[in-house]
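Reading the structure
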Amino acid sequence: MDIQVVRADITTVAADAIVNAANPSLLGGGGVDGAIHRAGGPAVLEACRELRATSLPDGLPRGQAVATTAGRLPARWVIHTAGPVFSRTQDRAQVLADCYRNCLAVADELGAASVAFPTISAGVYGWPTADATRIAVDTLAETPTRVGTAILVAFGDEAYEGYLRALAERRG
Ligand code: AR6
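Within every chain, residues take consecutive numbers counted from 1 along the sequence as written. For this predicted model, a pLDDT threshold of at least 70 governs which residues receive local features, and a threshold of 80 or more governs which side-chain atom pairs are given and counted, while totals over whole chains, interfaces and linings are taken from all residues. Think of the side-chain values as coming from all heavy atoms in the structure, minus any hydrogens and water.

**Structural notes on the sheet that holds strand S5 (residues 114-117)**
Filter applied, for reference: At least two bridges found by DSSP between two strands is the condition for calling them paired. A run of H or I in DSSP becomes a helix once it reaches four residues, and a run of E becomes a strand once it reaches two; helices and strands are each numbered from the N terminus. Only the stretch in contact is used when fitting a helix axis, every axis being a line fitted to C-alpha atoms; angles between N-to-C directions are given from 0 to 180 degrees.
Read across the open sheet, the six strands follow the order S1-S6-S5-S2-S4-S3; overall the sheet is mixed. Both edges of this open sheet fall to strand S1 (2-7) and strand S3 (65-69), since each of them pairs with a single strand only. Neighbouring strand axes in the sheet, compared pairwise and without regard to direction, differ in orientation by 25° on average. As paired strands, strand S2 (residues 17-22) and strand S4 (residues 77-82) are joined by six bridges and run parallel to one another.

**Section: the site of the ligand**
So the rule is basically this: When we say a residue is near a molecule or strand, we mean one of its heavy atoms is within 4 Å of it. Within 3.5 Å is the distance limit for a polar contact, defined as a pair of N or O atoms, with the added protein rule that one can donate a hydrogen and the other accept it, and that residues adjacent in sequence qualify only through two side-chain atoms. Every accessible area reported is derived by Shrake-Rupley at a probe size of 1.4 Å, with residue values counting cover from the shown protein chains alone.
Not every one of the 20 residues close to the ligand is listed here, only the nearest: Asn 23, Gly 30, Val 32, Asp 33 and Val 124. Between the ligand and Ser 121, the relevant distance is 2.8 Å, taken from an oxygen atom to a main-chain nitrogen or oxygen of the residue. In the model, an oxygen atom of the ligand is placed 2.7 Å from a nitrogen or oxygen of the Val 124 main chain. Burial of the ligand by the protein chains amounts to 88% of its free accessible area of 700 Å².

**Points about the packing of helix H4 (residues 129-142) against helix H5 (residues 157-171)**
Here is the rule: Any angle from 65 to 115 degrees is called roughly perpendicular, while one under 35 is roughly parallel, one over 145 is roughly antiparallel, and all others are oblique. Helix crossings are classified by the rotation of the near helix relative to the far one: an anticlockwise turn of less than a right angle makes the crossing left-handed, while a clockwise turn makes it right-handed. Two residues form a contact once any of their heavy atoms are found within 4.5 Å. Following the grouping adopted for this structure description, the nonpolar residues are Ala, Val, Leu, Ile, Met, Phe, Trp, Tyr, Cys and Pro, the charged ones are Asp, Glu, Lys and Arg, and the polar ones are all others, Gly among them.
Running from N to C, H4 and H5 point in directions that differ by 45°, and their axes come no closer than 8 Å. Compared by their axis directions, H4 and H5 come out oblique. Viewed along their axes, H4 and H5 form a crossing whose handedness is right-handed. Between H4, through Thr 129, Ala 130, Thr 133, Arg 134, Ala 136, Val 137, Asp 138, Ala 141 and Glu 142, and H5, the contact on the second element is made entirely by Glu 158, Ala 159, Gly 162, Tyr 163, Arg 165, Ala 166, Leu 167, Glu 169 and Arg 170. Among the residues making up the contact of H4 with H5, the classes are represented as eight nonpolar, three polar and seven charged.

**With respect to unusual backbone geometry**
Excluding glycine, most residues fall at negative phi; most peptide bonds, likewise, are trans. Stated precisely, the cut-off is as follows: Remark: exposure states derive from per-residue accessible area (1.4 Å probe, protein chains only) relative to the maximum for the residue type, with buried under 20%, exposed over 50%, and partly exposed in between.
Phi is positive for Leu 26, close to 65°, though the residue is something other than glycine. Tracing the chain through its elements places Leu 26 in the loop between S2 and helix H1 (31-40). The class for Leu 26 is buried, based on a relative accessible area of 3%. We note that Ser 121 has phi near 75°; this positive angle belongs to a residue other than glycine. On the secondary structure map, Ser 121 appears in the loop between S5 and H4. Taking the relative accessible area as the measure of exposure, Ser 121 reaches 5% and is therefore buried.

**Thoughts on the pattern of salt bridges**
To be explicit about the condition: Just to be clear on terms, a salt bridge is a Lys or Arg side-chain nitrogen sitting within 4 Å of an Asp or Glu carboxyl oxygen.
A full pass over the atoms with the stated rule returns five salt bridges. For Arg 7, the salt bridge identified is with Asp 157, shortest N-O distance 2.5 Å. Remark: Asp 157 occurs in helix H5 and Arg 7 occurs in strand S1; sequence separation between them is 150 residues. Taking relative accessible area as the criterion, Asp 157 reaches 47% and is therefore assigned partly exposed. Here Arg 170 makes a salt bridge to Glu 142, at a shortest N to O gap of 2.9 Å. With a gap of 28 residues between them, Arg 170 in helix H5 and Glu 142 in helix H4 connect regions that are remote in the sequence. Taking relative accessible area as the criterion, Arg 170 reaches 39% and is therefore assigned partly exposed.

**Overview of the nonpolar core**
Test applied: We define a nonpolar core as any set of buried Ala, Val, Leu, Ile, Met, Phe, Trp, Tyr and Cys residues linked to one another through side-chain atoms lying within 4.5 Å.
Among the nonpolar cores identified, the biggest contains 34 residues, and Ile 79, Val 115, Phe 117, Leu 140, Leu 152 and Tyr 163 are the most heavily contacted of them. Breaking this core down by element, the ones donating at least two residues are S1, S2, S4, helix H3 (90-110), S5, H4, strand S6 (149-154) and H5. In terms of residue count, H3 provides more of this core than any other element does, nine residues in total. Aside from chain neighbours lying at most four places away, what touches Ile 79 is Ala 17, Ile 18, Val 19, Asn 20, Ala 65, Val 66, Ala 67, Cys 103, Val 106, Ala 107 and Leu 110. In terms of nonpolar packing, the next biggest core, distinct from the first, is built from twelve residues, Ile 10, Val 13, Ala 70 and Val 153 among them.

Printed below as a string of structure tokens:
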């Protein structure tokens, strides 16, 4: 899989699927979640409510992922995942890696050729950006998938530099 890094607002990225750093309720919030619901329009929230009423009555477990329509966004699907709140214990890092792995698994089921990711857990959930970007790069590079292109969307300089550093270290 080709891994690209861009500086952008993810709601403007025309990938087949964009990933939402959501929460277990799936019913919206701040940060990138708020931006995606605002730009995608009511169809995205409607699809999330439908999931809560059917397959996910208790919400989306952290580390898991589920797809909905992208509404008015320039993407075909939104893949929602709920990241872990930061703590220094190793199992929390596994849950963050699970978010990336499960988003790719959902993208494979959809047949998405390109997937754009925000820096999951690096905002409201408090994960240090340098560590969050490294987990993103390492997990995406090491997960088998039919997705051709992963687009890492940096919303600031720290994330942009973190992605580039993590990629450079992998490429030696
Ligand atoms: N495009 C790309 N990246 C963005 C955008 C955007 N429009 N807006 C923010 N980011 P956060 P989390 C970056 O807080 O830490 C919500 O309330 C941001 O700079 O959106 O996983 C949810 O409902 C940061 O690098 O998500 C949950 O309750 C990254 O996206 C909770 O926040 C993630 O920041 C999830 O917290």
